[in-house]
Amino acid sequence: DGLAGETGDDTYDAAFDVDNAGLLSDDLVVAWSLPSGVRDQRDGVDHVTVCFSQPIFSNSFTPRDVQVMTPGGEIRATAVTALSATIFRVEFPRQDALGAYSVRVGPDILASDGGKMNSDGDAVDGEPVDDAYVANFEIRDLHGPRVVSYSPDFWMATPVDAIEVIFDEAVDPLSFTTADVTITGPDGPIAVSGVQAVSDTVFRIDLPSQIAAGEYAFTVGPDVLDVHGNAMDQDLDDVNGTPGDTL
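The rules we used
- Residues numbered from 1 in each chain as written.
- Predicted model: local features only at pLDDT ≥ 70, side-chain atom pairs only at ≥ 80, totals over all residues.
- Heavy atoms only, no water.
- Core = buried A, V, L, I, M, F, W, Y, C linked by side-chain atoms within 4.5 Å.
- Buried < 20%, exposed > 50% of the residue type's maximum accessible area, 1.4 Å probe, protein only.
- 1 Å grid on protein atoms, 1.4 Å probe; cavity = no way out; pocket = protein on both sides within 12 Å on 5 of 7 lines; lining within 4 Å.
- Points joined across faces, edges and corners; volume = space filled by probe spheres on them.
- Helix = DSSP H or I, 4+ residues; strand = E, 2+ residues; numbered from the N terminus.
- Pairing = 2+ DSSP bridges.
- Phe/Tyr/Trp six-rings, centres within 6.5 Å; stacked < 30°, edge-to-face > 60°.
- Axes fitted to C-alpha atoms, helices over the stretch in contact; angles between N-to-C directions.
- Patch = residues over 30% accessible without salt bridge, like charges linked within 9 Å, V, L, I, M, F, W, Y side chains within 5 Å.
- Areas by Shrake-Rupley, 256 points an atom, 1.4 Å probe, with all protein chains shown as cover.
- Salt bridge = Lys/Arg side-chain N within 4 Å of Asp/Glu carboxyl O.
- Lys, Arg positive; Asp, Glu negative; His and termini not counted.
- Charge placed at Lys NZ, Arg CZ, Asp CG, Glu CD.

Points about the nonpolar core
In summary, soluble globular proteins display a tendency toward joint burial of nonpolar side chains.
Okay, step 1: Core analysis: the biggest nonpolar cluster contains 26 residues, and V50, F52, F61, V66, V103 and I109 have the highest contact counts within it.
Okay, step 2: Membership of the second largest hydrophobic core comes to 18 residues, among which are V147, V165, V181 and M232.

Here's what the structure looks like:
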């Protein structure tokens, strides 16, 4: 409104909720686990951290109490490490395949009073299915492609009628068209006559044969997509499809 620093009007208000139901439970349950939701493929996942609602007998929690399901099938947990009386790290071989993952914990883990897990909150502890805790997360490709090399990339003595670009990952060929390329030469803009896929990472940009001596420049992107729908991230800033992501 043109007036800066007004009390009330120019403050920022926000709210959030805290869910402590698991931490307040009298039963032994897993209150939270990480990771959750979506993880980036480049980071991979090699462990899950779980927090119990109360201290446990640490020697009652071993890799035998864990089932790790990946897109390729079941794998074994390699270690369970206590970070505190309630927080434990479950380790397994690094995973980066795209897809859904689940890590099942319990139910034969023991609380300090000797009771087993009771995730469903009924009158029976340690039920094989109902009282186990399952952590779910998904690994996705969240990064866009980038051009890692092109040719010609230096001096050429012969006429040039094509430019070849190589991406660091598979690209959706339908997303890469002449509209995604601009070329200029000593005499000004040059019309692009076609874009052809040589492979899923290599593309040929066709142009009228050029014989004029001098400097040529071209841009590609940023709206060229990988096979997962991510626009280019040429500048490696983890933000896809911005003007800075053209080659």
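Side note on the layout of surface pockets
Okay, step 1: The space that makes up the largest pocket amounts to roughly 510 Å³.
Okay, step 2: Mapped onto the lining of the largest pocket, the elements with two or more residues apiece are strand 11 (160-167), strand 15 (202-210) and strand 16 (217-220).

Describing the pairing of strand 16
Okay, step 1: Of the two faces of strand 16, only one is covered, namely that formed by F218 and V220; the face formed by A217 and T219 stays uncovered.
Okay, step 2: Strand direction decides the pairing type here: strand 12 (residues 181-185) and strand 16, joined by four bridges, are antiparallel. If you follow I183 over to strand 16, its bridge partner there is F218.

With respect to the packing of aromatic side chains
Okay, step 1: Per the counting criterion, the structure on display carries eight aromatic pairs.
Okay, step 2: Each ring, one from F52 and one from F61, has its centre 5.6 Å from the other, and the planes form 90°; the classification is edge-to-face. Grouping residues by exposure puts F52 and F61 together as buried.
Okay, step 3: Their ring planes at 5° and their centres at 5.2 Å tell us that Y101 and F137 sit as a pair that is stacked.

Some details on the sheet that holds strand 12
Okay, step 1: Strands sit in the order 13-12-16 across an open sheet of three strands; the sheet is antiparallel. Since the sheet does not close on itself, it has two edges, and those belong to strand 13 (188-190) and strand 16, each with one partner. Between one strand and the next, the sheet's axes are offset by a mean angle of 25°, whatever the strand orientation.

Let's talk about a negative patch on the surface
Okay, step 1: Side chains of D113, D120, D122, D125 and D130 sit close together on the surface and give a patch of like negative charge.
Okay, step 2: For D130, the location among the structural elements is in the loop between strand 8 (99-105) and strand 9 (133-140).
Okay, step 3: Judged by relative accessible area, which is 43%, D130 ranks as partly exposed.

Considering the sheet that holds strand 15
Okay, step 1: Taken in spatial order, the four strands of this open sheet run 10-11-15-14, and their pairing is antiparallel. The two strands at the open ends of the sheet, each matched to only one other strand, are strand 10 (147-151) and strand 14 (194-197). Going across the sheet, the axis of each strand differs from the next one's by a mean of 25°, ignoring polarity.
Okay, step 2: Relative to strand 11, strand 10 runs antiparallel, the two being bridged by four bridges. From the neighbouring strand, S149 faces strand 11, where its bridge partner is I166.

Concerning the environment of G244
Okay, step 1: One can find G244 in the segment after strand 16.
Okay, step 2: The spacing of G244 and D233 is eleven residues in sequence and 8.2 Å in space, taken between C-alpha atoms.

Some words on the pairing of strand 6 (residues 79-82)
For a regular strand, the rule is simple: side chains alternate between the two faces of the sheet.
Okay, step 1: Sheet topology places strand 6 next to strand 7 (residues 87-95); four bridges connect them, and they run antiparallel. Within strand 7, the residue paired with A79 across the bridge is E91.
Okay, step 2: Here strand 6 folds back onto strand 7, and the loop between the two strands holds four residues.

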